[in-house]
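The chain contents come next:
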Amino acid sequence: MDGGYNNYNSFGGGGGGFMAGETNSPSGGKTDNRDNKTLRPVTVKQIADATSPYPEAPYQIDGAEVNNVLFVGQVRNISSQSTNITYKIDDGTGEIEVKKWVDSATGDSMDTDEKGPGDGKMEVVLNGYARVFGAIKSFANKRYIGAHSVRPMTNINELHCHLLEATAVHLFFTRGPPGGAGAGGNAAAGGDAVMGGAEDYGGGQNKALLSVSPLAKKIYHLLKTEPQDDAGMELQHIASKLNLPTMDVARAGEELLNAGIIFSTMNEHTWAILEY
Amino acid sequence: MSLQTPRILPSHLNAFHPSSSGQRSTHTIRILGTVSALRGDHATITCGKNGDVTLILKPDSHLQMGKLIEVVGKVTDLDDGQGLGVRVLGTTDWGNPADSDYRTYEQVVEATHRFKSIFYDAE
C-alpha cells in the first residue's frame, strides 16, 4: 500500500514537473524574443513583399516583425526528396516554395504525404488547396517557407475567411484597430481599442506597452498628449487629470517605470516618457 | 513577377478583357460559381446573384452540374459574338454550393480589390 502510494507520488509530481520544464525550453530557449512568436495570416504576395532591414534580420510585413505565417493556396507542384517535400503554392497573388522537412521518426505518420494511395482525406494533392503554417526563410536569395505543417483544405469558407483575415490584419497594422475614432478615444476605451491604441505609440515601446495594464496605458497616453515641460507630470496632477485615486496611479506608474516606458525626473513621483 | 490571378465577379470581366484600355499584365482571373449548364465544350456557371458566365472548357475538364467550382481562366470573346467568356485553364471543385455563402466571396472580391496592395501588383 505504502509503496504504491509513494510510486504514484514520484511519477505524478516529479515526473510531471520535469516534463513541463522540458517542453517549455525548446520554444522559449531558441528564440531571442517571445513577442516574436506571432502567427500571422498573410497572402503569398505579402511574403514576397516582406522586407528585411538588414541581412539575417527578421522579416517585416507592414512594419511589423513576422515570424510564423499562415496562408492558403493551390498546390502547383509537389516534389518529394528523401529529407523534405517541396511544394509550390499559388494563392492567386503569387507563388512560393514551401519546404516541409521529413522527420524520419514520424516518417510514415499521417503528417507526411506520400503520393501512393492511402487515406485520401489527409493528403495534399496536386492542384488541391492546402493550408501552410511556417516561417519565412531564404536560401541563396530565394525566399521559401520552412513549413511546420502543410495540410489539405477542403472547405471554401476557410479560403475566404483566410483572405479576409489577412486583409483585416493588414489593416490593423497599417491603419490601427477597427472603429478606433482617434488616438484620443482609444486610450479611454477598453479591450481592443487599447491594444490598438498602442499602434500610435513609438515603435520600440509598442511591445512593452502591450503588456501593461489598461490604467498604465491611460497614463502613458496622458503623458503623451498633455502639454508639459521637460520634467513631465507629477503624480497628483495625473491623478486629478484622470480623476483616479492617487494610489492606483502610483501603482500603474510603477508598472510603466518597471517596463522602462517612463522615467522619473525631478523626484520619484514626476514622470516623463522615455523616448528612444 | 509571378502569375497573379485576381478573384473577380462577372461584372468585372470587361476590365480584364485583353482589349480593355488598362494595360493589364494579366487577363487570367479566378471566378467562383455553380455549374448551371453543360453543353459540349461550353458550360455556364451562375455566380450567386451576380449573373452567369460562359466557360470554354478544356478537353480534360470534368465539371458536374450543380457543383460549386472555382475557375482559373483567361477572359476572352465568345466565338459567336455573345460577349465575354472565360477560357478555362483549371477548375477546383468545392462541392455543394449550399455549404458556402456566395456573399462571402463577394466580400472577398471587394476586399482584394479595395486593399489591392497585399493581393495584386498595381497595373
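Residues numbered from 1 in each chain as written. Chains lettered and ligands numbered in written order. Predicted model: local features only at pLDDT ≥ 70, side-chain atom pairs only at ≥ 80, totals over all residues.

Draft legend 1. Here's a closer look at the overall build of chain A. The helix and strand inventory of chain A stands at nine helices and eleven strands. A burial count over chain A gives 26% of its 276 residues as buried. Once local pairs closer than 6 in sequence are excluded, the contacts in chain A between residues at least 24 apart make up 53%. (Helix = DSSP H or I, 4+ residues; strand = E, 2+ residues; numbered from the N terminus. Buried ≥ 20, exposed ≤ 12 C-beta atoms within 10 Å, placed from the backbone. Contact = placed C-beta atoms within 7 Å.)

Draft legend 2. Layout of the overall build of chain B. Scanning chain B for helices and strands turns up one helix and six strands. From first element to last, N terminus to C terminus, chain B shows the α and β order β-β-β-β-β-β-α. Buried positions account for 34% of the 123 residues belonging to chain B. Sequence-distant contacts, at least 24 apart, represent 55% of the contacts inside chain B between residues at least 6 apart.

Draft legend 3. Spotlight on the interface of chain B and chain A. Counting residues at the interface gives 22 residues for chain B and 18 residues for chain A. Of all the elements, helix 1 (residues 102–114) of chain B adds the most residues to the side of chain B that touches chain A, at six residues. Class assignment for the residues of the side of chain B that touches chain A results in eleven nonpolar, nine polar and two charged. (Nonpolar A, V, L, I, M, F, W, Y, C, P; charged D, E, K, R; others polar.)

Draft legend 4. How the structure looks around the sheet that holds strand 10 (residues 262–264) of chain A. Residues and elements named next belong to chain A. Pairing within the open sheet is antiparallel, and its three strands lie in the order 9-11-10. Edge positions in the sheet fall to strand 9 (233–234) and strand 10, since each of these pairs with one other strand and no more. The pairing of strand 9 with strand 11 (residues 270–273) spans two bridges and is antiparallel. Pairing of Glu234 across the sheet is with Thr270, part of strand 11. Running at roughly 75 degrees to strand 11, helix 7 (residues 214–225) makes contact with strand 9, strand 10 and strand 11 of the sheet. (Pairing = 2+ DSSP bridges. Axes fitted to C-alpha atoms, helices over the stretch in contact; angles between N-to-C directions.)

Draft legend 5. Focus on unusual backbone geometry. Residue and element names in this part refer to chain A. If you check the backbone angles, Asn141 has positive phi at about 65 degrees while not being a glycine. Within the secondary structure layout, Asn141 lies in the loop between strand 7 (129–139) and strand 8 (142–152). Here the phi dihedral of Asn243 falls at roughly 60 degrees; this positive angle occurs in a residue that is not glycine. As for its placement among the helices and strands, Asn243 is situated in the loop between helix 8 (235–242) and helix 9 (246–258). The class for Asn243 is exposed, based on 6 C-beta atoms found within 10 Å.

Draft legend 6. Quick peek at helix 3 (residues 156–175) of chain A. Its 20 residues place the ends of helix 3 of chain A 28 Å apart at the C-alpha level, agreeing with the 28 Å of an ideal helix rising 1.5 Å per residue. Gly176 of chain A, located one to two residues past helix 3 of chain A, shows a positive phi value of around 90 degrees. (Expected span 1.5 Å × (residues − 1).)

Draft legend 7. Main features of the pairing of strand 4 (residues 52–56) of chain B. Residue and element names in this part refer to chain B. Residues Val53 and Leu55 line the buried face of strand 4, whereas the alternating positions Asp52, Thr54 and Ile56 sit on a face that is not buried. In the sheet, strand 3 (residues 42–46) pairs with strand 4 via five bridges, with the strands oriented antiparallel. Along strand 4, the bridge assignment pairs Thr46 with Asp52. Two successive antiparallel strands, strand 3 and strand 4, enclose a turn made up of five residues, where Gly48 displays a positive phi of approximately 60 degrees. Sheet topology places strand 4 next to strand 6 (residues 84–93); three bridges connect them, and they run parallel. From the neighbouring strand, Ile56 faces strand 6, where its bridge partner is Arg87.

Draft legend 8. Summary view of the confidence of the model for chain A. Of the residues in chain A, 69% have a pLDDT of 70 or more, and the chain-wide mean is 75. Counted against residues more than four places away or in other chains, residues 181–204 of chain A, with its pLDDT under 50, gives 40 contacts. (pLDDT = per-residue confidence, 0-100.)

Draft legend 9. How the structure looks around helix 1 of chain B. Residues and elements named next belong to chain B. With 13 residues, helix 1 should reach 18 Å at 1.5 Å per residue; the first-to-last C-alpha distance of 18 Å fits that figure. Residues Tyr105, Val108, Val109, Ala111 and Thr112 constitute the buried set of helix 1. The arc enclosing the buried residues of helix 1, seen along the axis, measures out at 170 degrees, which places them on a common side. The exposed set on the far side of helix 1, more than 90 degrees from its buried face, consists of Arg103 and Arg114. (Arc of directions from axis to C-beta.)

Draft legend 10. Representation of the pairing of strand 6 of chain B. Residues and elements named next belong to chain B. By the bridge criterion, nine bridges tie strand 5 (residues 68–77) to strand 6 in an arrangement that is antiparallel. What sits directly across from Val71, in strand 6, is Thr91. Counted between consecutive antiparallel strands, the loop separating strand 5 from strand 6 contains six residues, among which Gly81 sits at a positive phi close to 65 degrees.

Draft legend 11. Examining the packing of helix 7 of chain A against helix 8 of chain A more closely. Residue and element names in this part refer to chain A. Running from N to C, helix 7 and helix 8 cross one another at 105 degrees; their axes reach a closest spacing of 11 Å. Judged by the inter-axis angle, helix 7 sits roughly perpendicular to helix 8. Listed contacts from helix 8 to Lys218, Ile219 and Leu222 of helix 7 are Ile238, Lys241 and Leu242. Looking at the contact of helix 7 with helix 8 residue by residue, the classes come out as four nonpolar, no polar and two charged. (Parallel < 35°, antiparallel > 145°, perpendicular 65-115°, else oblique.)

Draft legend 12. Representation of the packing of helix 7 of chain A against helix 9 of chain A. Residues and elements named next belong to chain A. One can describe the packing of helix 7 onto helix 9 by two numbers: an axis separation of 9 Å at closest approach and a directional angle of 85 degrees. The angle between the axes of helix 7 and helix 9 places the two elements in the roughly perpendicular class. Between helix 7 and helix 9, the contacting residues are Leu215, Ala216, Ile219 and Tyr220 on the first element and Asp248, Val249, Ala252, Gly253, Glu255 and Leu256 on the second.

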